[in-house]
Amino acid sequence: MSGLWTLILRIESKGCASCVATALTHLFKIKGVSGVKVRGREILVLLNDKNLVDNVLNNPSLREYYVIKEWSIVEGNILDNQLRFTLQLNTRV
C-alpha cells in the first residue's frame, strides 16, 4: 500500500519531559519519513508508505531516548491541516 500516510505518535522523553520536540531530529533521519510536525502532545510523521510504520516505531535512536505511549496511522497528509477560528460578534442589543 503506497501513498502518503500520517503516523500520529504520543511519546514521552526518557529524560526530560519538555524534550519531546527534539524527537524531530531523530525522526527526520529515518528512511521514508518526508515530514514531521509537533501538534500539541502529538507528533505527526508523514510517511511515503504505510509499510514504513515499523521502521519508525522500532527505530533504535528514537527508542533510546523516547517511549512511544500511543500511535495510530491515517491515510493522507494531515500535517498541513490547521484549525481555523473565527470570532463571530453578536450585534444584537
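**Notes on the nonpolar core**
In terms of nonpolar packing, the biggest core is built from 19 residues, with L9, L27, V45 and V56 touching the most fellow members. Among the secondary structure elements, those contributing two or more residues to this core are β1 (2–13), α1 (23–28), β2 (33–39), β3 (42–49), α2 (53–57) and β4 (66–75). With sequence-adjacent residues up to four places away left out, V56 is seen in contact with L7, L9, L27, I30, V33, L47 and L62. Core analysis: the next-biggest nonpolar cluster, separate from the first, contains five residues, I8, L44, L46 and L79 among them.

**Some details on the confidence of the model for the protein chain**
If pLDDT is low for a region, its predicted coordinates should not be looked at in detail. Summary statistics for the protein chain give a mean pLDDT of 83 and a share of 82% for residues scoring 70 or more. Of all the helices and strands in the protein chain, β1 carries the lowest mean pLDDT, 88, while α2 carries the highest, 95.

**A closer look at the environment of K14**
Summarising the element assignment, K14 is placed in the loop between β1 and α1. The sequence separation of K14 and V67 amounts to 53 residues, and the corresponding C-alpha distance is 6.7 Å. One polar contact links the side chain of K14 to the main-chain carbonyl oxygen of R63, over a distance of 2.7 Å.

**Notes on the pattern of salt bridges**
Applying the stated criterion across every chain yields a total of four salt bridges. A salt bridge links E12 to K69, with the nearest nitrogen and oxygen atoms 3.9 Å apart. In this pair, E12 is assigned in strand β1 and K69 in strand β4, connecting sequence segments 57 residues apart. By relative accessible area, K69 is classed as partly exposed at 42%. Across the pair R39 and E42 runs a salt bridge whose closest N-O atoms are separated by 2.6 Å. One continuous salt-bridge network, built from bridges that share partners, spans R10, E12, K69 and E70.

**Considering the side chain of H26**
With respect to the element layout, H26 can be found in helix α1. On the basis of relative accessibility, which here comes to 19%, the residue H26 falls in the buried class. Excluding anything up to four places from it in sequence, H26 contacts S61, L62, Y65 and Y66.

Reading the values: rules and limits
- Residues numbered from 1 in each chain as written.
- Predicted model: local features only at pLDDT ≥ 70, side-chain atom pairs only at ≥ 80, totals over all residues.
- Heavy atoms only, no water.
- Core = buried A, V, L, I, M, F, W, Y, C linked by side-chain atoms within 4.5 Å.
- Buried < 20%, exposed > 50% of the residue type's maximum accessible area, 1.4 Å probe, protein only.
- Helix = DSSP H or I, 4+ residues; strand = E, 2+ residues; numbered from the N terminus.
- Contact = heavy atoms within 4.5 Å.
- pLDDT = per-residue confidence, 0-100.
- Polar contact = N/O pair within 3.5 Å; in protein donor to acceptor, adjacent residues only side chain to side chain.
- Salt bridge = Lys/Arg side-chain N within 4 Å of Asp/Glu carboxyl O.

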